[in-house]
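One letter stands for each residue in the lines below.
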Amino acid sequence: MTSDLVKDEAGASTELGYIFTFLLGVLFLSIFSVWAFGLETSTRENWNTTAVDVNMADLAAAVERADLASREDSSVRYAEAVKWRLTEADESEFVLTLDDMGLHLDHPENELDRDVSISATSDGNYTGRITLSGISEIWIVYEDGMTYLSGNRPEF
């Protein structure tokens, strides 16, 4: 029983077809995964900016309501809790400031920085600076001629 080697190239072309088909599949899956990652990242960034904008609008509205209360009577006290909507950003990096010019939110990612003007029609001054690390609600307080921010409920 002797066997002779036969030079058959049909099997080699089939193997090359399998390899090219496999590589084409890997290419398509890679392109799809890059597209899906970009879509997810874009959605997350859009959610962050929308949540920050809505949070700042809620805080500015609460400051305006504190201004209205301050014009009622000089001895009035006002406090309002505003829920902070969570974001994907590192909240320990957020610093919220209130001054006579408005509300300012600072974050190392500059696209999350916000400045919201307020009418500043209060009889008093504005002050406050808090870091939002671990805070789920922010208190807007008017007391003794001062509107300020607080992470804790006032004791009056």
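Just above, that's the structure.
Residues numbered from 1 in each chain as written. Predicted model: local features only at pLDDT ≥ 70, side-chain atom pairs only at ≥ 80, totals over all residues. Heavy atoms only, no water.

For the rest of this paragraph, the subject is the packing of aromatic side chains. What the rule picks out here adds up to two aromatic pairs. Ring geometry for Phe32 versus Trp35: centroids 5.7 Å apart, planes at 40 degrees, classification tilted. A residue pair is termed a helical-turn pair when its members lie 3 or 4 positions apart in one helix, as Phe32 and Trp35 do in helix H1 (residues 10–72) at three residues. Looking at Trp35, the relative accessible area reads 52%, which means it is exposed. Aromatic pair Trp84 and Phe94: ring centres 6.0 Å apart, planes at 65 degrees, arrangement edge-to-face. Residue Trp84 is found in the loop between strand E1 (78–83) and strand E2 (95–99), and its partner Phe94 is found in the loop between E1 and E2; the two are separated by 10 residues along the sequence. Per residue, the accessibility class of Trp84 equals that of Phe94, and both read buried. (Phe/Tyr/Trp six-rings, centres within 6.5 Å; stacked < 30°, edge-to-face > 60°. Helix = DSSP H or I, 4+ residues; strand = E, 2+ residues; numbered from the N terminus. Buried < 20%, exposed > 50% of the residue type's maximum accessible area, 1.4 Å probe, protein only.)

The next thing to look at is the sheet that holds E1. Spatially, the four strands line up as an open sheet ordered E1-E7-E8-E5, and their pairing is mixed. In this open sheet, the two strands that pair with only one neighbour each are E1 and strand E5 (125–127). The mean angle between the axes of side-by-side strands here comes to 15 degrees, regardless of whether they run parallel or antiparallel. Note: E1 against strand E7 (residues 137–143), six bridges, orientation antiparallel. By the bridge assignment, Lys83 is partnered in E7 with Glu137. (Pairing = 2+ DSSP bridges. Axes fitted to C-alpha atoms, helices over the stretch in contact; angles between N-to-C directions.)

Moving on: the nonpolar core. By size, the foremost hydrophobic cluster in this structure holds 27 residues, and its most contacted members are Leu59, Leu96, Leu103, Leu105, Leu132, Ile138 and Ile140. Elements represented by at least two residues in this core include exactly H1, E1, E2, strand E3 (102–106) and E7. The dominant element in this core, judged by the number of residues it contributes, is H1, at eight residues. Each residue touching Leu105, except ones within four places of it in the same chain, is listed here: Val52, Met56, Trp84, Phe94, Val95, Leu96, Leu112, Asp113, Arg114 and Leu132. (Core = buried A, V, L, I, M, F, W, Y, C linked by side-chain atoms within 4.5 Å. Contact = heavy atoms within 4.5 Å.)

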